[in-house]
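Reading the structure
Given next are the chains, with one letter for each unit.
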Amino acid sequence: MTNNRKIPKKRNFLYHIHPPSISENVLRPTHTWGLGGSALVLVLMQVITGILLLFVYSSEMSKAYDSIRMLQQEVLFGRLIRNLHHWGANLLIVIVFFHMLRVFFTGAYHNQRNTNWWIGLGLFLCVMISNFTGYLLPMDQLSFWAITICASMFEYIPYVGQPVREMILGGPDISQATLSNFYAIHIALVPVALMILLPFHFWRVRKAGGVVEPVGLNGKDEEKQKKLATVPHLVTREVTAALVLIAGLMIVSVFMNAPLYGQANPGLSPNPTKAPWYFSGLQELLQHFHPFFAVFIIPLFLVLWLTYLPFLKSANSGGGTWFLSANGRKTGIAALCTSLTLIPLMIIADEHASLFLYWFPEISPTVTDGVIPFVLVLAFILFFYGWIKRRFTATTDECIQAICIFLLVTFMVLTIAGIWFRGSGMALCWPWEVSINEIATIKRL
Ligand code: HEM
Ligand code: HEM
């Protein structure tokens, strides 16, 4: 293949998604890590396995649990299909999250790509709602109590929290109305939203001239690179990656069963009662901050920040440079190390010395008491910003990125603590003690 050889232009449906020719760079796995494509494959898998599940699943409160048991025990490949849907859904969250990080850390959300960032946020919401609503459908102890605990978090949102909670649940508690609402949202509303947003997302990538080009990769600039035909060079690689992903998911689903505990029992709450793993970080925050800050102010800040990001004009506005610069990588590592050492220590200290929530331990904490720890955390972030700036003579972009990395790693540490280090009564414990407590209270089938 010679440089910039003319690629014959034939009609092909794929050219709606990809340009007819691509530069050599695009073929490198590190270009996007295949994360957006993998997310698409998983969404399609969810739709296919979801439709198959519909043949057996019953959304009547009294029959839902038995329909899942029947599916697992009596339907040919029923357990496999359920496992595929379950593990696929969990993997989707991880992949979409990493896709978001790839976009963020290559600065691929500026200029003409900003719309795609906002569409992406909509897609992320859809994926989370799908997972959350799907979680209730098996109607076992795990799902019933996880949704109960999540719904109770809404109560801390001022004015609208309680009505929104009742609207979602279709009443004060989980009932047939809740299951019907979740079912409709799960199998109709969100899939339709996904089918509208996804083509729009891909069209925007194409409109922006394709995925952001890595800058200065091996010193080659774009003009000097070989041009290759998209079909077969890119497409065969994409299909292979998709098949490998599906095969991996199949293997996991053959050997690992999706959990199904005893039938939901509103009178017997398991100990500990945990939110689904992707909300564990939020639940962990509740252990340290007043609920008003943990479930309202902090998530609100996060959503506003994510929405505002594309408005920030940065030196990397063209996108393509991982972590902005060499100095950006150094400040990022400093933020990572600070979070990895500080946050576990704070979690342990708070458990024993009640640093955050029980600021005034002699009285029960009110919202005003919660203000002090929150302000202290904000003050620390400002201090950290100043420290990064002075210590690394960092630019504003690098400082902002370091703060983002600090918050991101903190969120991951909180999530890990919530999933693996919280046992009976939500007290800190070792991971093997967590499962002993759970199994003691709810029977696994
Ligand atoms: C179901 C979820 C999603 C799917 C299937 C999906 C799929 C894709 C695909 C296939 C691409 C092009 C190649 C690549 O980067 O891998 C892409 C690019 C992009 N995605 Fe997503 N995406 C999803 C969620 C998100 C989220 C949550 C965000 C951010 C909030 C996002 C923001 C973007 C942006 C800004 C681009 C353009 C990147 C560039 O030009 O380099 N996407 N997406
Ligand atoms: C992004 C897409 C989707 C995600 C993330 C998702 C996620 C989930 C999750 C986490 C569960 C609970 C699985 C379990 O542990 O038992 C579930 C159950 C279920 N989903 Fe989906 N789902 C998606 C799309 C669909 C679609 C399109 C349909 C049907 C049209 C569907 C139908 C079902 C049914 C019938 C169940 C109950 C069976 C069961 O719990 O095993 N899902 N889904």
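Refer to the structure printed above.
Residues numbered from 1 in each chain as written. Chains lettered and ligands numbered in written order. Predicted model: local features only at pLDDT ≥ 70, side-chain atom pairs only at ≥ 80, totals over all residues. Heavy atoms only, no water.

It is worth spelling out the overall build of the protein at this point. Looking only at helices and strands, the protein features 14 helices and two strands. Looking at the protein as a whole, 43% of its 445 residues are labelled buried. The contacts in the protein between residues at least 6 apart in sequence include a share of 79% that link residues at least 24 apart. Approximately 23200 Å² of the protein is accessible, and the part contributed by carbon and sulfur atoms is 71%. (Helix = DSSP H or I, 4+ residues; strand = E, 2+ residues; numbered from the N terminus. Buried < 20%, exposed > 50% of the residue type's maximum accessible area, 1.4 Å probe, protein only. Contact = heavy atoms within 4.5 Å. Areas by Shrake-Rupley, 256 points an atom, 1.4 Å probe, with all protein chains shown as cover.)

Moving on: the site of ligand 1. Residues in contact with ligand 1 amount to 26 residues; listed here are only the nearest, His99, Arg102, Arg113, His201 and Val212. The separation between an oxygen atom of ligand 1 and a polar side-chain atom of Arg102 is 2.6 Å. Contributions of two or more residues to the shell around ligand 1 are made by helix 1 (35–54), helix 3 (78–105), helix 4 (114–136) and helix 7 (176–207). Examining the composition of the shell around ligand 1, we find that six residues originate from one element, helix 4, more than from any other. Taken together, the residues that form the shell around ligand 1 break down as 16 nonpolar, eight polar and two charged. (Near = heavy atom within 4 Å. Polar contact = N/O pair within 3.5 Å; in protein donor to acceptor, adjacent residues only side chain to side chain. Nonpolar A, V, L, I, M, F, W, Y, C, P; charged D, E, K, R; others polar.)

Here the focus is the coordination of the iron atom of ligand 1. Taken together, His99 (NE2) and His201 (NE2) make up the full set of protein donors to the iron atom of ligand 1, lying 2.0 to 2.1 Å away. Between the six donor atoms coordinating the iron atom of ligand 1, the angles at the centre fall across 87 to 179°, so the site counts as octahedral. With a gap of 102 residues between them, His99 in helix 3 and His201 in helix 7 connect regions that are remote in the sequence. (Donors = N, O, S within 2.8 Å, 3.2 Å for Na, K, Ca; no water. Tetrahedral: all angles 85-135°; square planar, octahedral: opposite > 155°, others 65-115°.)

This part covers the coordination of the iron atom of ligand 2. Surrounding the iron atom of ligand 2 are the protein donor atoms His85 (NE2) and His186 (NE2), at 2.0 Å. Classification of the site at the iron atom of ligand 2 rests on its six donor atoms, whose angles at the metal span 87 to 179°, yielding the label octahedral. On the criterion of sequence distance, the pair formed by His85 in helix 3 and His186 in helix 7 is long-range, its members being 101 residues apart. What makes His85 buried here is its relative accessible area of 16%. Looking at His186, the relative accessible area reads 16%, which means it is buried.

The next subject is helix 7. Across its 32 residues, helix 7 extends 45 Å between first and last C-alpha, which sits within 8% of the 46 Å expected from 1.5 Å per residue. For helix 7, the principal kink sits at Ile185 and spans about 40°. All buried positions along helix 7 are accounted for by Thr178, Leu179, Phe182, Tyr183, His186, Val190, Leu194, Leu198, His201 and Arg204. Against helix 1, helix 2 (64–74), helix 3, helix 4, helix 5 (141–153) and helix 6 (161–169) lie the buried residues of helix 7. Two residues or fewer after helix 7 comes Gly209, characterised by a positive phi angle close to 85°. (Expected span 1.5 Å × (residues − 1). Bend = angle between axes of the 7 residues up to and from the residue.)

Surveying the vicinity of ligand 2 reveals 22 residues, the closest of which are Arg82, His85, His86, Gly134 and His186. Side-chain polar atom of Arg82 to an oxygen atom of ligand 2: 2.6 Å apart, as the coordinates give it. Between ligand 2 and His85 there is a distance of 2.8 Å, counted from a nitrogen atom to a side-chain nitrogen or oxygen. Among the secondary structure elements, those contributing two or more residues to the shell around ligand 2 are helix 1, helix 3, helix 4 and helix 7. For the shell around ligand 2, the class distribution of residues is 13 nonpolar, eight polar and one charged.

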